[in-house]
Amino acid sequence: MKTVFKAMEPVAGTGQLLQLYQDSCERLGFSRPQPVYSGGCSDAAYISMLGIPVLCGVGVRGDASHTANECAVASSLTEQAKKIVLTILSMPDDF
């Protein structure tokens, strides 16, 4: 399964957040994910509208989002959590 994530409309700091996330993935031995800009909506859009940098789709991996066949790959939860935690811990104090 290819590693991808979705990004909202970029706001100040989005590029830096993306860089931190990509670097964290690499430091943990995972591939460096590339952004995918797609239509649709997400709760993250509300955060983006406030001018806060946000990435969407970095949670548990799965398939068939928002359909009756949606499923989550439970074994990916630990991997994804490590990526997010390292990203947060890598943020500069003034982020």
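The rules behind each value
- Residue indices begin from 1 for each chain and proceed along its sequence in written order.
- In keeping with the predicted nature of the model, local features appear solely for residues at pLDDT of at least 70, side-chain atom pairs appear and are counted solely at 80 or more, and the whole-chain, interface and lining totals rest on all residues.
- The basis for every side-chain value is the complete set of non-hydrogen atoms in the structure, without hydrogens or water.
- As a per-residue measure, pLDDT tells how confident the predictor is, with possible values from 0 to 100.
- Put simply, DSSP H or I for four residues or longer makes a helix, DSSP E for two residues or longer makes a strand, and each gets a number counted from the N terminus.
- Salt bridge, as used here, is a side-chain nitrogen of Lys or Arg placed within 4 Å of a carboxyl oxygen of Asp or Glu.
- Exposure classes here rest on a 1.4 Å probe applied to the protein chains alone. A residue is buried below 20% of its type maximum, exposed above 50%, and partly exposed in between.

> I'm lost on the confidence of the model for the protein chain in this one. Help?
Detailed reading of the predicted coordinates is not advisable wherever pLDDT is low. Mean pLDDT for the protein chain: 86, with 86% of residues reaching 70 or above. No element of the protein chain has a lower mean pLDDT than strand S1 (residues 4–7), at 52, and none a higher one than helix H3 (residues 77–90), at 96.

> It is not clear to me how the pattern of salt bridges should be interpreted in this structure. Could you clarify?
A full pass over the atoms with the stated rule returns four salt bridges. Put simply, Arg32 and Glu26 hold a salt bridge, and the shortest N to O gap is 2.9 Å. Residue Arg32 is classed as partly exposed on the basis of its relative accessible area of 26%. Ionic pairing is found between Glu79 and Lys83, a salt bridge with its closest N-O pair at 3.2 Å. Of this pair, Glu79 and Lys83 both sit in helix H3, four residues apart, roughly one helical turn. Pair check on accessibility: Glu79 and Lys83 agree, each one buried. A network of salt bridges, in which partner residues are shared, links Asp23, Glu26 and Arg32.

> In this structure, what is going on with unusual backbone geometry? I would like to understand it.
Excluding glycine, residues mostly carry a negative phi; peptide bonds, for their part, are mostly trans. Residue Ala64 is not a glycine yet carries a positive backbone phi of 60 degrees. By the element assignment, Ala64 lies in the loop between strand S4 (62–63) and strand S5 (71–72). Residue Ala64 is classed as partly exposed on the basis of its relative accessible area, which comes to 27%.

> When you look at the side chain of Thr87 in this model, what are you seeing that I'm missing?
Mapped onto the secondary structure, Thr87 falls in helix H3. Thr87 gets classed as buried once you look at its relative accessible area, which sits at 5%.

> Is there a simple way to explain the environment of Val58 in this structure?
Counting through the fold element by element, Val58 comes out in the loop between strand S3 (55–56) and S4. What makes Val58 buried here is its relative accessible area of 13%. Linking Val58 and Gln80, residues 22 residues apart in sequence, is a C-alpha distance of 6.8 Å.

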